[in-house]
Structure formats: structure tokens, C-alpha cells
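# Understanding the architecture of this molecule
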Amino acid sequence: MPKPKAGPQPQNPAQLIRGGAVASNEWRLLPASDEAPEITADTLAPGKVILPFPVWQRLREDLSDRSGEIGVWLDSNETADLLGEAARELPLVAVHFPAFADGRGFTTGRLLRERFGFTGELRAVGAFIRDQLTYLRRCGFDAYAYEGEESLEDLLPSLHDFSDSYQAAVDESRPIFRRRPLAG
Amino acid sequence: MYRYDERDRTIIGERVAQFRGQTERYLAGELNEEQFLPLRLQNGLYIQRLAPMLRIAVPYGLLNSDQLRRLARISRDYDKGYAHFTTRQNLQFNWPRLEDVPEILAELAEVEMHAVQTSGNCIRNTTSDPYAGVARDEIADPRPYCELIRQWSTFHPEFAFLPRKFKIAVNGAKADRAAIRVHDIGVQIIERDGEIGFQVYVGGGQGRTPVIAELIRDFLPEQDLLSYLEAIVRVYNQLGRRDNKYKARIKILVKALGPEEFGRRVEREWEQIRDGADRLTPEALDWARAFFDAPDYARFDAAATESDLQAQADGDKAFARWLERNTFPHRVPGYRAVRLSTKPTGVPPGDVTDSQLEAIADLADRFSFGEARVTHDQNVVLADVQQDELQALWQAARKHGFATPNIGTLTDMICCPGGDFCSLANAKSIPVAEAIQRRFDDMDYLYDLGDLNLNISGCMNACGHHHVGHIGILGVDKKGEEFYQVQLGGSSSENASLGKVLGPSFSRAEVPDVIGTILNIYVEQRRPDELFLDTYQRIGLQPFKERVYAKA
Ligand code: SF4
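### A look at the site of the ligand
Around the ligand, the surrounding shell consists of Cys416(B), Pro417(B), Gly418(B), Cys422(B), Leu424(B), Ala425(B), Ser457(B), Gly458(B), Cys459(B), Asn461(B), Ala462(B) and Cys463(B). Taken together, the residues of the shell around the ligand sort by class into eight nonpolar, four polar and no charged.

Take a look at the structure:
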């Protein structure tokens, strides 16, 4: 069995930002690791848990009676279409940013919301930075498990570094040219 | 030109505030170097070999006289009294203090300018044809589309952290004066059956792996421009390599998938969004076009103004030369577009002083409806000059050192800042440019040689566009010493091609002689009316190689 690449894993801080406020984190997060294939529906402890995508995919059928407490996290190379329409049934999807410069998760978030009808909690996990919060929010994220050093309270204003925008995105269905009064 | 409304002012103002906060956090030690890096880059701030460098966006190269005067003032107050036009129609300050940058950005915002996305792995300033709106071979004015792209790409929440930087160019004329085939996306405006649309090229670029872009769409309807760009960048954001910075540009992805497969993926993505909110409305297109309406041209009798001009030229050889090399035909009778040269011998190409910036502003006000354009070969265009004022303009331009009649000739070089300023350089580039200018200062000889682009880069990042120079010079490092490789046959026109390496590299002292030998071969071998590039394409590299490397 080849070892899965042990890239950076999301931490799962006790507190996070959700719904524009500091909140406590009610979910466990199972990292992707060598042992993951061992886990079965029977050995998975009860309670809310976020599974790596491959584990979720394998156990999905067996866990169908626990669906309200099973979330999924996508690594940055796992695209939104892997979940596809199944996203509709999920209470939570977390998207991992292994490094802040790895911007694939922005596309993942938008597609989950705009294309695959995901309405649950969309959580950013990993190494994203404060100055990305506005962008994350615009791409449909509504929860942020921030791992950096700044306090969560200090971060809150950065969710709205910009009060207006040019593009259509999850937070604004019309691009600016459909919002501006265009005559003269 | 485009004017900000309340929304633009709000967004740009909030950006200034955001960067002020970021700079304060960095100076207070709350942000470390690594965290501050992407933030300052997205605001155009590099830390160079000698000092910070701030790159200001000049959207598709357009500046008005107020902006020019403000840039002059900033260069005086915060820099050493000069600025530098880049090869992507932008402007750089080479010596600002880090703690002053938020204030500089605030000053720029007052004249509707910014440094947003002039560096970093995001969508950069869109570039275009400096003769947009006035060229006779124009199909449609590219500037309204450039402005729509500017707005779409500014703070795009999904595309601020791409695998690598991303450059878009739009050309609206038959001749390609925007080098679209060496951009990540090149957009060519076309007209088919009375409809305006676009040909879309992807995956061109220079740098260490130069590639000519591939056509992935032969006709894109006008209203689909933004959704199609969104589809391309989305595919790239998901699939572009992120493990190796030298393999992260879209050109590598297009090569890896093949242009057909890449195009199919784009089309598949686009099918899902083409009818969405990004589809341009007729009102939005009209609105964008209205900012670029033709100015209030006076009416002239074409034949009469031509013969008047001819008479002036006949009486003054220096003026005639300038007229021939530094002016460009205009679609409106009685007008010409004029190139101000920023490349007299001895000045780093693209460098302008504060008083020169002010002089350009004055000339723009006096002769060209208060507007000027920066070109990718680091000159300045006044696009709308009356022919009966050309002589007065020429005299004024001479006083300020802008009238070197060398546009398009050997000494009108593109040259990157190189080892004098840039920490990435393998070799200096400016002294090479100067040595060539000094060696070939005989105007009669330069005119006889005709159109000839010589481009110089100080390293393989190719900011000096050496791959697409008819003659390209690249600084290389040979065991710690500066050497120069020479390439021949590049072009960024509609028949774009990449130069071929002549052979082993040369010391700096040898370069002017090598160029001299190359030019001699051209002069000996050319047929009537053949430009350097034509002759090269006909006879190939071999004759040049044999002579240059022949043992004396
Ligand atoms: S080509 Fe190289 S030396 Fe020249 S400016 Fe670019 S990075 Fe610097």
C-alpha cells in the first residue's frame, strides 16, 4: 500500500469565526493519514466529524444514518465536482488551504455554492490569512477555522475590508455593470 | 478616457486604507516578512536590490495630464525625481520608502490611479495598442473592453491567488501592436458578418520558457468576453501547477494538456456560465464605449494639410526625419499620432525625470486633448495632434529631449532595468544599450537600416522582451562573469516568432562589434525593400553565425 502524501494537515482549532462572530468549534476533523483506510463506520466515534474526502467516499453508504453529523473536507487538489450534487446533502464542507498562496479553494467554494447547490456550512481550514477573509466570504465561505496568531476578534473587520465589489460572486449575484446606473 | 464614479472611488479608497493597515502591522512586527510579502506584492511593492520599487498601474497605458503631473510630484516628494516606464505600459518608482507607500497610494487615488495587482500571482494590468482609437487599421477600439476587463479582474475574489502571474492583452487593429501572442491570454478583436467578436489565444509568454500562444477560440461573441475569460482563468486556477514556480504559468498547462484539450475544458466550463451574470449587456457595452468617444476633432481638408506639411518637411531635413520616424498616420484627416522618445543616448530606456513628466503633461494639454499613452516599448504617444501643429510640437519636444528621431530603429531599444537595479539580474543591461546607442549614432545609417527592434533583458525572466526582438540580447552568468547571448529573428507582431540563439555568448565589450557584423550581413544580403526580419527569414541563421564566429 503506497503511503499517502503527508502534506500539511488542517488543524482544528477550538474556536473559529462563524456567521460573522467568534464561535466554538463543534466538529472534530479527521486528518488524512496512513491510518485513515483502517477506519470503518463501526470504529468511527459518534459525534460531529469532518472526514477527508477519500474516507467519506468509502464510508458514505455505511454512514447514511448519521448524515447530519458527517462533514467532508476537500484538500486543495480535490475539486468541487468530486462532491458534485452530493454536496446538497452535507451539513458541512471544509476546504483546505495548505498554504495561503494556494488559491484553488476559492474556486472550490464558489462552485460548491453556485453550481452544486451546497447550502450547509462552508468552512475554510488551513493556512489562509486575515487579508483573504473578504475574498473567502465572497466565494461563499461562512466559517473560518483560522490557524494564525491574530485574535479572532481582531480579524472580524477584515471580513468586510471592501464594502463594494466589481464582480458577481456568491455574495452578490450581479457584476457591477448590472448594478451601476449606466446612462451618462 | 475612463473616469471613476463613486463605486470605483470607494473600492480604491478602501484598498488604500487596507494597505495602510497592513503596512502598520508589518512595521509594528505583527506581520512577518513572509506574511507581508503577498500583501505588498498585490499593491505593486517589491523590495529590490537597492530599495523598494513601487509599480503603478497605467490601465492599458492611458494617462491624462493631471495624472502625469501627480506622478511628477510623487517622484519629487517621495523618490529621487524620476520614474521609469516599464515594458508593460506601467510606471515604476525605484526609490520610495516603505513607510511612505500608503501615502503615495492615497495621492494616486486622488487622480484615479492605483498600484493594484501590478505584481503577485494575480491578473495584472491589461495592455493594449498605444494607437487605440486612432489607427487606420483598427477594427474596433480595444479600450472599452480593456476597461471592462480591468473592472472584472480587480479584486476578483476567486483569482487573487493563482498559480502564477497572469497577463492579458487586447488588440483591436489588424496589425498586432499589443504583442497578444506572448501573453497568457491574447484577445484579438475581429469582425465577422458584421458582428464584432474576439479570437482568443492562450498560453503565450516570454520568461525562461518562451511560447507563442495558441488560438483556442476563433470567434467569441462580444457579450461573452468576461464569462469566457472567467472560464479560462478558472480552469487554470484549478489545474495549473503549483509545485514549481517555473512551471506554473498557464503556458505550461496548455502545453501539458495540449491546446485542443485545454480549449475543450474551457468550453465545458464556459457552457455552464455563459448565460450567467457575466454576460455583457448592450447597455454595459455602450456605457464602456462612451468613455472613449472620439474627442472634438477639427475638420481639415486632407490634401491641403498634407501638402502644407510636405512643404514644411522639404525645408527642414531634421523635421522631415522626425516626421518620418516619430509620427504615425491617424484615421482622421489632418491629424497624426506622435511618439515622444524616452530613449536619447545615455539615458536608461524608459527613464523620465519629474520635469519631463510635467513637460509631457503640458504637451498633452497643448497638442493632444490632455491625454498621453505609454507604449510597451517604453515611449510615450500623443495620439491626436493636428498636422499644422506638428512643427511646434517637434520644437517643444526637442527642448525636453523627447524628439530623438529614432522610433522603430535600432537605437529605440527595449531594455529592462537589469543589474543596475534588479536583484534577479545575471548581467547589466543599461550599459549594453548605451554602448550600442553610442556605436550606432549615425542617423543616416539607422534610417537606412529601417525598422529594427533590438531588445535586451538582464536575465531569462525576459522583462526586456529579448525573445521577440528582431535582435535579442540576454544577460547570462558565466562563472560569475557577465556575458551576453544574442538571438535573431524574434517578433511580437501578428506573425509572432521567437528568436533563435546565434551561438556562444559574448563579453560586454564584444557586443557592439557583434551587432555591427550582424548588420553588415543584412546590408549586404538584403533585397530592395527587405527589412532586417525579412532578410533573416529568407537566409536563416547560418550566414550570421558563420561570419560572427569566423576566426579572424
Ligand atoms: S529581465 Fe531579469 S534583470 Fe531584467 S528586470 Fe526582469 S528580472 Fe530583472
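### Observations regarding the side chain of Glu121(A)
Residues and elements named next belong to chain A. Within the fold, Glu121 resides in strand β7 (residues 121–126). At 2.8 Å, the side chain of Glu121 forms a polar contact with the side chain of Arg123. Those residues within four positions of Glu121 in sequence are excluded, and the remaining contacts are Arg18, Pro91, Leu92, Val93, Arg113, Asp142 and Ala143.

### Let's talk about the sheet that holds strand β14 (residues 380–386) of chain B
All names here are of chain B. Strand order in the open sheet made by the five strands is β3-β13-β14-β11-β10, with antiparallel pairing throughout. Of all the strands in the sheet, the pair left with one neighbour each is β3 (62–64) and β10 (327–329). If you compare each strand with its neighbour and ignore which way they point, the axes differ by 30° on average. By the bridge criterion, five bridges tie strand β11 (residues 335–340) to β14 in an arrangement that is antiparallel.

### Observations regarding the domain arrangement of chain B
Residues and elements named next belong to chain B. Each domain of chain B was delimited in the assignment, giving domain 1 (6–110), domain 2 (134–290), domain 3 (302–399) and domain 4 (414–551). If you average the C-alpha positions of domain 2 and of domain 4, the two centres end up 31 Å apart. Taken residue by residue, the interface counts 12 residues in domain 2 and 13 residues in domain 4. Together, the buried faces of domain 2 and domain 4 total about 1,100 Å²; carbon and sulfur atoms form 61% of this surface. By the criterion of area lost to domain 4, the three top residues of domain 2 are Gln206, Arg208 and Ile212, representing 43% of everything that side buries.

Criteria and cut-off values
- Residues numbered from 1 in each chain as written.
- Chains lettered and ligands numbered in written order.
- Predicted model: local features only at pLDDT ≥ 70, side-chain atom pairs only at ≥ 80, totals over all residues.
- Heavy atoms only, no water.
- Near = heavy atom within 4 Å.
- Nonpolar A, V, L, I, M, F, W, Y, C, P; charged D, E, K, R; others polar.
- Helix = DSSP H or I, 4+ residues; strand = E, 2+ residues; numbered from the N terminus.
- Polar contact = N/O pair within 3.5 Å; in protein donor to acceptor, adjacent residues only side chain to side chain.
- Contact = heavy atoms within 4.5 Å.
- Pairing = 2+ DSSP bridges.
- Axes fitted to C-alpha atoms, helices over the stretch in contact; angles between N-to-C directions.
- Domains from an automatic or database assignment.
- Buried area = accessible area lost by both parts, 1.4 Å probe.

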